[in-house]
Amino acid sequence: MIKEKTNSTLTFEDFKTEVLNDYKIAIISRECSLLGRREVLTGKAKFGIFGDGKEVPQLAMAKFFKNGDFRSGYYRDQTFMMAIGQLTVEQFFAGLYGNTNIEQEPMSAGRQMGGHFVTHSLNEDGSWKNLTKQKNSSADISPTAGQMPRLLGLAQASKIYRQVPGIPNKENFSIDGNEVAWGTIGNASTSEGLFFETINAAGVLQVPMIVSVWDDEYGISVHARHQTTKENISEILKGYQRDKDDKGYEILRVKGWDYSDLIATYEKASAIAREKHIPILIHVNELTQPQGHSSSGSHERYKDADRLAWEKDYDCIRQMRLWMIAINIASPEELDAIDANAKKEVLEGKKAAWTTFIQPIVAEQKELVALLNKIAETSIHKVAILKHSTNLNTIKDPLKKEILIAARKTLRLIFNEKGKAELSNWITSYTKKNQYKFSSHLYSESDSNVFSAKEVLPKYSESIKEETDGRMILRDNFDAIFTKYPEVLIFGEDSGAIGDVNQGLEGMQEKYGELRVADVGIREATIIGQGIGMALRGLRPIAEIQYLDYLLYAIQIMSDDLATLQYRTVGKQKAPLIIRTRGHRLEGIWHSGSPMGMIINAVRGIHVLVPRNMTKAAGFYNSLLECDEPALVIECLNGYRLKEKMPLNYGEFKTPIGVVETIKNGSDITLVSYGSTLRLVEQAANELLELGIDCEVIDIQSLLPFDINHDLVKSIGKTNRLLVIDEDVPGGASAYILQQIIEQQDGYNYLDSKPQTLTAKAHRPSYGTDGDYFSKPSAEDIFEKVYAMMNEVNPSKFPSLY
């Protein structure tokens, strides 16, 4: 009985009050789902995906979700969010309407559809709140199973806080590592690889993670027999069950309509995970989905009569109601009264949310109508303007889009009349105000963004002339970082015992321990997930992906989760994860090391840094650790054994982010590149100088952000010619670089010749050094390309080579 399970001193009246309150929350949530669907069908909301049918198990889960805990969930968890006090009826409908006011729609200010939940981890200035004093939810995403990798990191953070001493401000993030990370997922989404990768990793790591699988036998319209072997996820995961000899999972099964058993199950799971840091899988089966998958269709289309009848009988709220009547908690009449009051509360909340949403837009509508009527009085296009005004005024529930369309179409009519200035100013102001509501916080807007880290040059000893391998620069800088920042940890394939494949972490695991410098399995998506989750809880993880090409395994998590985090929470959560990898000039199809165009166009929201040597790379790590934003740092694979001067100020020198560097001044042509290719550019530039062609060579250093000081256009203003050299495919990163220089920086104003690119071939390199030579730009290619451009300028001085 719940009375015995939840609190041995609980009186029957207390017990009754608690159960009735749970029932009320369930009914309110259900009514939100039902009314929410109707709002979509009437056109007030765009799309709806609801949590009906999952109410009772979410109530049970909420009972054992404590302050400091984190949820990483599924877009059906509205009842849970209501039960922990983080979602009101008004907020539910504000999300459905897409209200852009973060105070009224705290989940995403209208940036995500309803059903995607978050709690605020940050103060207004971007600093951390005390996360141990509140119940926390990481920001949901729509891609199925995409919440799982992050869940792993949220759970691992508890292990780190429990076992790693000396972490500063620990009390804001953890109380002795007692926090549990709670994950939820639909049964069909357990077919995704991200689910299995995360389940395996959590079993290996032994972290306090509880995964609830909401199983209603369907995934959209597709039955479980097409989704899961044996139609039973807990059955096929039985091999993960721990025993006296082997660590693993505690796997629990419970019917989703059995209120009493659900509470007992979640109490057991919470105790095991919280105290022993053992992962739990709870398979919650026999659930229903009364309205089908979403507002885009009806489940009557794919469920037969028997299934529909069963779902009606075993609806979890109906079963809870029958149970309450059976054990005399409440009479049918008492429950009917709760139902009626809940319906009234939801209806009133819906109306309040709609009024709050629509009134400011109606005020803007009326403001523009008045302006258009005023302009029409003195315009030769009076009839046409009044038509726009009348059409706008008749819209009962206007959109901002409709208001702006009316204004912009009117502006076309009066471009040479005296009313133009007032309307133009109104449009500019209105657009600026509203564009920010839809576009802010792609990157951090706090005082700790990447531009706050100012350049600090490496210091060198005048008496020490010898140089060392680039890897040693990295190693000694990481050593300084681990000492300076106890909250920093690094993990990846081969990162631990052997100190990474290029020994940039040599000896670090032995010095700082296996939790701070860790080996992990071959599982790139959850490596990134570990980093996201731990960064969400105040740690400073560095997630290592062994080679750049392997990043493709994790690009979805980077793109959909990490890159959008600040944006989709409007700056209310942050995960300043550093992703470390190596690439450039690798050889072979699967190790070509240069899919840069794909990366930079998939991860807007993450900074992409491309240092040409290890001192620059080390400086980027030092800069990023002073900032609150995520970044990808791509080290040059062929630079680890190249010699560099040894700095004296490890951990202190900083490479500025978004700033290019001119590494050779010149007057005839600007050559732009990054990474390992720069060494070939420098070689070609020196050879061209012998023929009287003086090249200016510029290292981009940072692709995202790009040349914030517009130094590239200053160079073109001097040379009047531009060549971008890139090892990516044609139209890859080179196209982005050209767009930035020619369009964003207005570089076309200074060009006397067509800007050109020199890229790799459209295919990836075949195996071996010759494959690289015939696939990617060589020093000879660069030389001849520049020479041909100068031949066009002065054919008599530079006669054609071919």
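Residues numbered from 1 in each chain as written. Predicted model: local features only at pLDDT ≥ 70, side-chain atom pairs only at ≥ 80, totals over all residues. Heavy atoms only, no water.

*Asks:* Before we move on, could you go through the packing of aromatic side chains and cite the residues and values that matter?
*Replies:* The full count for this structure, using the stated rule, is 29 aromatic pairs. With a centroid separation of 5.2 Å and an interplanar angle of 85 degrees, the aromatic rings of W128 and F173 are classed as edge-to-face. Residue W128 is located in the loop between α5 (89-97) and β2 (136-137), and its partner F173 is located in the loop between α6 (147-163) and β3 (181-186); the two are separated by 45 residues in the primary sequence. In this structure F173 comes out as buried when scored by relative accessible area, which is 6%. (Phe/Tyr/Trp six-rings, centres within 6.5 Å; stacked < 30°, edge-to-face > 60°. Helix = DSSP H or I, 4+ residues; strand = E, 2+ residues; numbered from the N terminus. Buried < 20%, exposed > 50% of the residue type's maximum accessible area, 1.4 Å probe, protein only.)

*Asks:* An account of the layout of surface pockets is requested, with residue identities and associated values reported.
*Replies:* Here the largest pocket defines a volume of roughly 1000 Å³. Around the largest pocket, the lining comprises 43 residues; the ones closest to its centre are Y97, G98, T100, F357 and F438. Looking at the lining of the largest pocket, the elements with two or more residues in it are α5, α12 (332-377), α14 (400-413) and α15 (420-439). Of the residues that constitute the lining of the largest pocket, the class distribution is 20 nonpolar, 15 polar and eight charged. In terms of lining, the second largest pocket is formed by 34 residues, of which the most central are G126, S127, W128, K574 and D628. (1 Å grid on protein atoms, 1.4 Å probe; cavity = no way out; pocket = protein on both sides within 12 Å on 5 of 7 lines; lining within 4 Å. Points joined across faces, edges and corners; volume = space filled by probe spheres on them. Nonpolar A, V, L, I, M, F, W, Y, C, P; charged D, E, K, R; others polar.)

*Asks:* Lay out the pairing of strand β10 (residues 488-492) with the relevant residues and their values.
*Replies:* Taken across its five residues, β10 has five buried, putting it largely inside the fold. Residues V488, I490 and G492 point to one face of β10 and L489 and F491 to the other, with burial holding for every one of them. Relative to strand β11 (residues 517-519), β10 is paired through three bridges, and the arrangement is parallel. Within β11, the residue paired with F491 across the bridge is A518. (Pairing = 2+ DSSP bridges.)

*Asks:* So what's going on with the side chain of R721? Residues and values would help.
*Replies:* For R721, the location among the structural elements is in the loop between α24 (711-719) and β21 (722-725). Here R721 sits buried without a salt bridge, and the closest side chain of opposite charge, D752, lies 4.6 Å off (N-O distance). Those residues in contact with R721 that lie beyond four places of it in its chain are D668, I669, T670, L751, D752, S753, M790 and V793. (Lys, Arg positive; Asp, Glu negative; His and termini not counted. Salt bridge = Lys/Arg side-chain N within 4 Å of Asp/Glu carboxyl O. Contact = heavy atoms within 4.5 Å.)

*Asks:* Outline the packing of α12 against helix α13 (residues 382-393), listing residues and values.
*Replies:* Relative to each other, α12 and α13 sit at 165 degrees, their axes nearing to 9 Å. With respect to α13, the axis of α12 lies roughly antiparallel. Relative to α13, α12 is oriented so that their crossing is left-handed. Contacts between α12 and α13 pair Q365, L368, V369, L372, N373, I375, A376 and E377 from the former with K382, I385, L386, S389, L392 and N393 from the latter. (Axes fitted to C-alpha atoms, helices over the stretch in contact; angles between N-to-C directions. Parallel < 35°, antiparallel > 145°, perpendicular 65-115°, else oblique. Left-handed = near helix turned anticlockwise from the far one by under 90°.)

*Asks:* A description of the environment of N434 should follow, citing residues and the corresponding values.
*Replies:* With respect to the helices and strands, the residue N434 is situated in helix α15. Here the side chain of N434 touches K400 through a polar contact of 3.0 Å, side chain to side chain. (Polar contact = N/O pair within 3.5 Å; in protein donor to acceptor, adjacent residues only side chain to side chain.)

*Asks:* Can you tell me about the pairing of strand β4 (residues 209-214), naming the residues and giving the values?
*Replies:* For a regular strand, the rule is simple: side chains alternate between the two faces of the sheet. With six of six residues buried, β4 lies mostly within the body of the structure. Burial along β4 is two-sided: M209, V211 and V213 facing one way and I210, S212 and W214 facing the other are all buried. Sheet analysis places β3 next to β4, joined by six bridges and oriented parallel. Following the sheet pairing, G186 is matched in β4 by W214.

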